[in-house]
Structures are given as C-alpha cells and as structure tokens.
Amino acid sequence: MTVADTVSRPTPGPSRDYRFPAFERLTLANELSLIVAPVSKLPIATVVVLVDAGAAADPEGREGVALLMARTLAEGTERSDGALLAERFERLGTALDSTADWDSATVRITVTTERLPAALTLLAEVIREPSFPEREVERLKQERLAELLQQRTEPRGLADDMFGKFAYAAGSRYALPDGGTESTVESVDRDTVRAFYEARYSPSSTTIIVVGDVTADQARVMVADAFGSWVGRTVKPIAVVDRPATTTRMVHVVGKPDAPQSELRVGHVGVPRLHPEYFSIVVMNAILGGLFSSRINLNLREAHAYTYGAFSSFDWRRAAGPFMVSTAVQSDVTGAAVREILLEIDKLRVSGVTDAELTLATSYLDGVFPIRFESTTAIATALASLVSYGLPDDYFDTYRSRIRSVTADHVLQAAREHLRPDALQIVAVGDPAVVREPLEELKVGPILIYDAEGRPAS
Amino acid sequence: MRLPIDTFRLPNGLFVTLSEDHTAPLVAVNLWYHVGSANERAGRTGFAHLFEHMLFQGSANVAANEHFELVQRAGGTLNGSTWLDRTNYFETVPSNQLALALWLEADRMGRLLPAMTQQKLDTQRDVVKNERRWSVDNQPYGTWWEKLPELAFPPDHPFHHSLIGSMEDLTEASLEDVAQFFATYYTPDNAVLSIAGDFEPGDARRLVEEYFGPIPRGTGRPPLPTMDLPPTFGSWRREVVTDAVMLPRLYLAFRSPVFGSTEYYAASVTGAVLGMRRGSRLYRTLVRERQIASEATAFTFDLPKGSDLLVVDVTARPGVEADILEREVATEIDALQASGVESAEVERAVALIETDFVTSMQAAGERADKLSLFATYFGDPSLLNEQVDRYRGVTADQVNAFVRSRLGPDNRVSLLYVPREEEMEREEAANLAATGV
C-alpha cells in the first residue's frame, strides 16, 4: 500500500578481487621453517610457533603431557622464573598463549610492530631454554585436574569427552580427552614433561609464522637472530589409531540428575583432513548442520524449538577425527530430538540436496572467504594449518574455486559414503529418569547408562 | 592509529557513522538501538532479548529466517545481541553486497510488524527458554549473571532485573508487547547505523537515504527512572549460593565510575592490574604463589549511566573451601588498598589493553560496533580514536585514588558459590556438634 513496501531487493554489483595474503617460506640452516606474510593494515604482528608436538604424540599412559608441556613453556626458562617471564612479555603489551591441540603445539603472541624484535627474542628464550620448574609443573597439573573436576558438572565439555570415549576403540589416543584423564594426568611429572620436550621440540619440527606489519627480510633477520643457533634432534612421525569402538549403533546416557536439558552428541568416526573428498564433505556438512539455515538447525530450532541451536561438524585432524551432531535440548524432548537428527541424516543420504541448498552452502563458503582473514591471528592460524596438515602452498588460492566446483551429486556421494547411520553413537548427558524411556522407545540401539565419570551405572 | 570517521544524520533522526578502509573487499554494517533490558516494563523481564530473536523472523519483504539465508548466501556473517542498555544487529558482507545488508536492516526497522505472527512468537519464546536453560540453568555458576546485578542494583533500578528473563515472564510476552516495543524503541531516531570497510561514501549515503529515509521518526522513548546511585554500596552485601558446582567461586563487585568518565579509565586499568593475564596481581599471588585459586580475572561491565561495576572473579583450587577463598581474595584487595599500585603495574596493564584494542580494530565488524557504541552513548563516534590516549594518560596516582575510594569494605557485593557437597558436609558437621553425638 505504501510506496516503501515496493522497494525491491537490491542486486549486487561486480565483486572485487581478493587474494589470500602472499607469503614466503624458507628454511634456516638448522632446519627451522619460517613463513612470513607481510600485512600492513595496522602496526601489529602475530607470531605463531608451531611445533609437531600435539596430543597425538602423548606416550601411552601419560596422556595430557603434550598440553602440560605447552603450558609449561610459559612457566620458566634458564634465565627467568614464570612470574618474571609473564612480566617481561606483558610489559611489551603481549602475553603468551601456549596450548596443544591433537596435531601440534602452538605458542602465539600478538604485539605492536615496534616491540616485535624484543618479543621475538623473548619467545626464543621460552622455546629454546625451558627450565620445567618442578613447582610450576605440579601446579599446572593440579590446574588440569581442577578442569577435569569442573567438567563433571559442565555438560558440554563432558558430552564431548564422553563422545570420544564411546566412539573410538580403547587404545586409540582419540578415545581420551586431548588434555588427558585424571589418572593419566596424575602420572605425569617434571621428568615426563622434560622427556616429551626433548623428544618433540626441535628446529626441524618447528615452524615460525610471522604475519603483520613487517617485510619478509625483516622477519627473516629477526627470526634468524633469535632461533638460528638452536640445535635439536630429529623428531619421529606419529601414527594415530583412529579405529571405531564399535560398528553397532548404541545409545549412551551419562547421568546428570535433574538436568533441565540433555546435551546430545550423535556421530561416529569421520575422515582424516587430507581426504580427497574434503570439499564435498565440507559442503555436505554445511547443508546438514554447518550453517544457521542448515537442515538440522532449521528443524530442531526453528520448526520444533527443541533447542537454542543445533549443528554438525567434522573435526579435522591428521587421522580420522569425529563427525558429530551437537545440540542441547530440553530434557522432555530428548527422544524426539534424537529421532529428528537421525531422520535428517537418513534424508540427506536418500534424496540428496536441492540446488537452492547447494548454492547457499557454496556461495556462503566462497563469499565469506575474505572475511575469515581480517586479522593477523586468523591469517597465521590458517598458515599453521597448511604446515600441520601438509597442504600445498596454493591451497588458499584454489580454495574458492574448489568449493564452487562441488555439485549436488558430489554432496549426495559424500553423504552416502561418510554418514553412516548404523554406526552412530548417540550420547546424551542428562537426567536418566527423564530420558531413558523415550530413548528406549526410539528402538535405535541398546541403551547404556553411566555416571559423570563414565563408569557404568545400573 | 587513527581511523577516518565521517557522520551525518537523516531528517528522521537516524545517526550514521562511516569509516572507510579499502584493504579488503568487505564491509560491516552495524545498528545499535538504544534499548535493552533496562527498558523492559515490570513483568516482562527478558523481553528485549526475545524481541531481538523476533527481528530474525522476517519483515514485510523478507520471510522468516530469510534474513540469515540472504546474508549467508551473499557470503556474509551476521548476528545480534542484547545488553542492559542497547541491542545491536550486525552483518559483515563482501563489499558488493552492502546494499543488501542495508536493505535488510531497513526493511525490519521500517516494516517489521506485518511479518509477526503468534506462531513465530511461540517458537522463539521456546527457543529463548532453551537459551536460558543452556546458558544459565544447566551451566555451573550460570546464575551469577542474573544474581550479581540483582545484588548490585536496587530493586527499582533499571539494571536490577534479569536480562535473559524469567520463564514466567517469557511465557507472558504477547504479540501486542511486540507491537508496542517496536513502535516505541525501534525507530530511526533511537538508532545509530555504522558502516565500516570497503565502500564509497557517496554510494553508502545514497543507499542509506533511499532505504532508511522514508522510515518515520518515533514519538520519543519514555524516560527511564533515575539511574543515579551513590558512589559506594555503603556496606559489604554478601550472598552465598549453594549450587551443583565442583569448586567454590567468588564474584566480588565494586561500584565504579561510569563508562567514558575520566575515572572510568583508572577503574578499567585497576581491573587489568588485578586480573588481566598471568602478570596480574590476583594471578600472581592467588594462583601462582599461594595456589589458593585455579583461575582469577577481573573486568568492568562498561555501563555509561548510573554506576559501572568492577568485578573480580576467582575460582578455588580443589581442597580450598569457600570461606577461605573469600577471605584470601579480600586480603589481596585490602593489601592493594593499603599499599597502592606501582607505576610498573599500570604500564603493564596499559600496554596489554593497547595491544588488545589495536588487535580488535582489525575486524571491520568490531570497528563498526565501537563506532555505534560511542555514537549511541556520547553522540561522538570519534571518541574511538581517543581510547588509546585515554588509557595512556592513566597514572598510578589516578589508579590509587580509585582504589582508595572504591575498593574498601564499604563498597562490596559478593556472590560466593559453594559446592552442594561441601555445604552438605558442613551441615552434617553442624548437626553432629549440635546434638553432641
């Protein structure tokens, strides 16, 4: 009726070109790798030290040592104790973030350009001369045990960890949390941490990534000054057992009495990062549960209001990480929510996707590409993934065209091959008194009940 | 670092800020509506946030959830969020999609109500109830979020009540409430629109005028009750919360100067001195040296009216009981009051804050959000360019003046979370003592 109502939808003009920031790769004489991406938008730089020392390299029975080692780096060197070290970094306006994921340890700082040389010198001290103070290692160990204790009443982390335990075969590193369990962390001490450092931290297993307001030459000189004389041994490659615990679909209820919601994880062992169908799987997952407008979110949230949000993911690791649907639903609809998740997985495998769904996923993943790399941290993290997974140097330059080349047929094939309804492990962290019966009525598999520490309960 | 900032105002009152940056082909659009949970009427806690959900349920020319789909199909990211005194909506899109983002925002600012239905409201009400279960009821310490403001602001103060809302009040929300709230608060003269990134100012202005220009001005927002509060609480008010948590945790809050004031920057630096990163006082003493705590942080709410809050948040180590935790944190605060800070501590805090600020300004969405913030609160987006200098200007004397006047026992409220198991053991011990068994 009013003029305003007739304003028609705008159409986009031509898009401007974008290239992932150009970077240089080189290797120092001591076999240390260096990647530099000059990005001059603001006067800051991010440095990531990537070491082939992730949780996958934890010795059996000592799971959690990789994470403790990464955290220990901030706790003292031959020249500074932990408190002094923190102060030396922080007076430069930066702080050390050190952690380990499955495949790598990463140590990261972001600092204003004028303080970069001093920060790099300090960073080298941390990486090359850790002193593993007994007291601090013990403290970090106790803090990790405190995290695990907290998790007993924190349903999201608990559900993730329990899913790993039920999805992977006993003996697979992936069956245990990346930070270890209470018993494995208990068994770690200063000597274990030090032995892990000596086995895994070496110039040949380390890449320094510098992204920010520097030239490649400046970065090379600074890194060579700080790390050039570091010597170390050869580091052994790691093979992870990624075998599933079972091929039978089962329901695992982890008891959290009186919980108003059930945290659900539904999935199975997925595929390794370097899988040839990676792009088809990424697009397939976006349609199933990767976007707000995905089938699973529109069903569970917008059609049924069972949840605040529901999504699916493939957790990419060097070996096969899990495929998982994740959501938290109000307790009394737990059975119905699981049924809808299973239906969506079946439907995708039977009838594939529409053109509208396909183009939504591909145009999103293609279009959002520059937005993913606005910060030096995001660019450095992306470059770290090239190294960690062994992706080719032109990976980011070809990413968008490879996404666009995925067809509905590829998606259908990926769904049929990589979603396996009969192998799904269904994990609910919730109130057994409320969820047990509805889950039994679904008749999707045997039901097992556990306590919050994963021990079988009646 | 100085960002270019330009502003103009449409005849209908919409205030617009622009900040160009052509380093990447993307642009951020950000709208702040000057309305939050503070503006809710009695019996409608949680409504401002529920209303935010309704803004994704379509408008006259946009179907339910189509806003999300259109932006993502364009290769953009988006969301919205609700706070005590504002609600924001934002998209970052490839720069050739600026018109789409602006058009979508204008359609829901100008023509939301034709798309509202009872069914959509019922669905989003249940989604929000699940959001409440997820973030408050089924999360350890999740209730701090509504208990602390309840304790820190008087019952009739606009910041007192729950932002996420009670289940009962959410149940009561009606379509009529939606219509009324929309007419009252979602008007161009109660909003700030910011555009940051890769755009031509002439094009952007033309689009804003075309899409937002025809939207009529509002009739003015009803005034809030007075927000002013005395500078201190006048006492130490304590609440003990027995909950399904494994470790005790203390939230200790101090009334502090409003966001944007000169004293605010001293308060913010004090927060960083106390709880920012591992070189901070509480981390150094309670986590590292004495091993009483497993985590320790401090932060401000950044409220520009009434009173701000500086909050210290410390979690016990296993084996450390709740009352010990409370006593030891208080001892640290008292020590700070007694001896003051040194200039080296201030320098460390300011250096960290500065790097974080510059780092955050890399993202167009963050730039646009901060432009909207300074324009909404102070009518002056160029304050964004002064933040680093404001922090650099903070001296140890200023911090010590703040610490002396605001961190004493006469200006504290605290929430102490006690694990249910620990509380049961204590009661059993008390019963045994009482019965002499």
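Everything quoted here is computed from the prediction, not taken from an experiment. (Residues numbered from 1 in each chain as written. Chains lettered and ligands numbered in written order. Predicted model: local features only at pLDDT ≥ 70, side-chain atom pairs only at ≥ 80, totals over all residues.)

1. A look at the overall build of chain B
Check the secondary structure of chain B and you find 16 helices and 11 strands. Its C-alpha atoms give chain B a radius of gyration of 24 Å, near enough to 22 Å, the size a compact globule of 437 residues would have. Principal-axis analysis of the C-alpha atoms places the extent of chain B at approximately 80 × 50 × 40 Å. Of the contacts made within chain B by residues no fewer than 6 positions apart, 80% connect residues no fewer than 24 positions apart. (Helix = DSSP H or I, 4+ residues; strand = E, 2+ residues; numbered from the N terminus. Rg over C-alpha atoms; globule rule 2.2 N^0.38 Å. Contact = placed C-beta atoms within 7 Å.)

2. Describing the overall build of chain A
Looking only at helices and strands, chain A has 16 helices and 12 strands in total. With the C-alpha coordinates of chain A rotated into their principal frame, the extents come out at 65 × 65 × 45 Å. Considering only residue pairs separated by 6 or more positions, chain A has 81% of its internal contacts joining residues 24 or more positions apart.

3. A short note on the packing of helix H1 (residues 65–72) of chain A against helix H4 (residues 134–151) of chain A
Residue and element names in this part refer to chain A. For the pair H1 and H4, the least separation of the axes is 10 Å and the interaxial angle reads 125°. As summarised for this structure, H1 and H4 are arranged oblique, according to the angle between their axes. In the crossing of H1 with H4, the sense of the turn from one axis to the other is right-handed. Packed against H1, whose contacting residues are Leu68, Arg71 and Thr72, the element H4 presents Glu136, Val137, Leu140, Lys141 and Arg144 at the interface. Residues belonging to the contact of H1 with H4 are distributed by class as follows: 3 nonpolar, 1 polar and 4 charged. (Axes fitted to C-alpha atoms, helices over the stretch in contact; angles between N-to-C directions. Parallel < 35°, antiparallel > 145°, perpendicular 65-115°, else oblique. Left-handed = near helix turned anticlockwise from the far one by under 90°. Nonpolar A, V, L, I, M, F, W, Y, C, P; charged D, E, K, R; others polar.)

4. Side note on the domain arrangement of chain A
Residues and elements named next belong to chain A. According to the domain assignment, chain A contains domain 1 (24–227) and domain 2 (250–450). Here the C-alpha centroids of domain 1 and domain 2 sit 29 Å apart. With 30 residues of domain 1 in contact, the opposing surface of domain 2 contributes 25 residues. Here the side of domain 1 that touches domain 2 gets 10 residues from one element, more than from any other, and that element is helix H5 (residues 155–167). Its residues assigned to classes, the side of domain 1 that touches domain 2 shows 19 nonpolar, 7 polar and 4 charged. (Domains from an automatic or database assignment.)

5. Some remarks on the nonpolar core
In summary, soluble globular proteins display a tendency toward joint burial of nonpolar side chains. One finds Ala66 and Ile209 of chain A together with Val269 of chain B to be the most contacted residues of the largest nonpolar core, which totals 274 residues. Tallying contributions element by element places helix H3 (residues 98–110) of chain B first for this core, with 9 residues. Excluding its chain neighbours within four sequence positions, the residues that come into contact with Val269 of chain B are Val346, Ala349, Val350, Tyr391, Val394 and Val399 of chain B. (Core = buried A, V, L, I, M, F, W, Y, C linked by C-beta atoms within 7 Å. Buried ≥ 20, exposed ≤ 12 C-beta atoms within 10 Å, placed from the backbone.)

6. Here we look at the interface of chain B and chain A
Across the contact, 62 residues belong to chain B and 66 residues belong to chain A. Elements with a minimum of two residues in the side of chain B that touches chain A: helix H2 (66–73), strand E5 (87–94), H3, helix H4 (118–137), helix H10 (281–289) and helix H12 (343–360) of chain B. Grouping the amino acids of the side of chain B that touches chain A by side-chain chemistry returns 27 nonpolar, 20 polar and 15 charged.

7. A word on the domain arrangement of chain B
Residue and element names in this part refer to chain B. Each assigned domain of chain B is listed here: domain 1 (6–212) and domain 2 (235–429). Each partner contributes to the interface: domain 1 provides 33 residues, whereas domain 2 provides 26 residues. Contributing elements (two or more residues each) for the side of domain 1 that touches domain 2: strand E2 (15–20), strand E3 (26–33), E5, helix H5 (144–152) and strand E6 (191–197). The greatest single-element share of the side of domain 1 that touches domain 2, amounting to 6 residues, is contributed by E3.

8. Here's the deal with the pairing of E2 of chain B
All names here are of chain B. The element E2 is extensively covered by neighbouring structure, given that 5 of its 6 residues are classed as buried. In this structure, strand E1 (residues 6–9) lies alongside E2, joined through 4 bridges in antiparallel fashion. Paired with Thr7 across the strands is Thr17, a residue of E2. Where E1 folds back onto E2 in an antiparallel hairpin, the turn is made up of 5 residues, including Gly13, whose phi is positive at roughly 100°. (Pairing = 2+ DSSP bridges.)

9. What to know about the sheet that holds strand E7 (residues 235–243) of chain B
Residue and element names in this part refer to chain B. Here 5 strands make up an open sheet; going across it, the order is E7-E11-E8-E10-E9 and the pairing mixed. Both outer strands of the open sheet, E7 and strand E9 (293–300), are each paired with one neighbouring strand and no more. With strand direction ignored, the average angle separating the axes of adjacent strands in the sheet is 15°. Pairing geometry for E7 and strand E11 (residues 411–419), over 9 bridges, is parallel. Bridge pairing in E11 links Val240 to Leu416. The strands touched by helix H9 (residues 262–275) within the sheet are strand E8 (249–256), E9 and strand E10 (308–316), with E9 carrying the most contacts at an inclination of about 170°.

10. What about the sheet that holds strand E2 (residues 33–38) of chain A?
Residues and elements named next belong to chain A. Strand order in the open sheet formed by 6 strands is E1-E2-E6-E3-E5-E4, and the pairing between neighbours is mixed. The two strands at the open ends of the sheet, each matched to only one other strand, are strand E1 (24–27) and strand E4 (97–100). Taken over all neighbouring pairs, the strand axes of this sheet differ in orientation by 15° on average, direction set aside. Here helix H8 (residues 216–227) sits on the sheet in contact with E1, E2 and strand E6 (206–212), set at roughly 150° to E2.

11. Some words on the pairing of strand E4 (residues 77–82) of chain B
Side-chain positions along a regular strand alternate between the two faces of the sheet. Residues and elements named next belong to chain B. Pairing analysis gives 6 bridges linking E4 to E5, with the strands arranged antiparallel. Each residue of the ladder has a partner; that of Asn79, found in E5, is Phe90. Hairpin connection of E4 to E5: 4 residues between the antiparallel strands.

12. Some words on the packing of helix H12 (residues 355–367) of chain A against helix H14 (residues 395–404) of chain A
Residue and element names in this part refer to chain A. Two elements in contact, H12 and H14, have axes whose closest approach is 9 Å; the angle formed by their N-to-C orientations is 170°. In terms of orientation, H12 lies roughly antiparallel with respect to H14. For the pair formed by H12 and H14, the contact residues are Thr362, Leu365 and Asp366 on the first element and Arg400, Ile403 and Arg404 on the second. Of the residues that constitute the contact of H12 with H14, the class distribution is 2 nonpolar, 1 polar and 3 charged.

13. Here's the deal with the environment of Arg420 of chain B
Residues and elements named next belong to chain B. By the element assignment, Arg420 lies in helix H16 (residues 420–435). Exposure remark for Arg420: the 13 C-beta atoms within 10 Å place this residue in the partly exposed category. Spatially, the C-alpha atom of Arg420 lies 41 Å from that of Thr355, the residues being 65 residues apart in sequence. When sequence neighbours within four positions are dropped, the list of residues in contact with Arg420 reads Thr242, Asp243 and Ala244.

14. So, the environment of Val287 of chain B
Residues and elements named next belong to chain B. Along the chain, the position of Val287 falls in helix H10. When the C-alpha atoms of Val287 and Pro114 are compared, they prove to be 56 Å apart, with 173 residues separating the residues in sequence. Not counting chain neighbours up to four residues away, the residues in contact with Val287 comprise Ala293, Ser294 and Ala296.

15. Section: helix H15 (residues 396–406) of chain B
All names here are of chain B. Looking at H15, one finds that the buried residues are Val399, Phe402, Val403 and Arg406. The arc enclosing the buried residues of H15, seen along the axis, measures out at 100°, which places them on a common side. Tucked into the core, H15 has its buried residues touching E8, H9, helix H11 (322–339), H12 and E11. (Arc of directions from axis to C-beta.)

16. Considerations on H12 of chain A
Between its first and last C-alpha atoms H12 of chain A spans 17 Å; for 13 residues at 1.5 Å apiece the expected length is 18 Å, and the two agree. Contacts from the buried residues of H12 of chain A go to helix H9 (278–290), H14 and helix H15 (408–418) of chain A together with H2 and E5 of chain B. (Expected span 1.5 Å × (residues − 1).)

17. Concerning the confidence of the model for chain A
Put simply, chain A has an average pLDDT of 96, and 98% of its residues get 70 or more. Counting contacts from residues 1–6 of chain A, a segment whose pLDDT is below 50, to residues more than four positions away or on other chains yields 6 contacts. (pLDDT = per-residue confidence, 0-100.)

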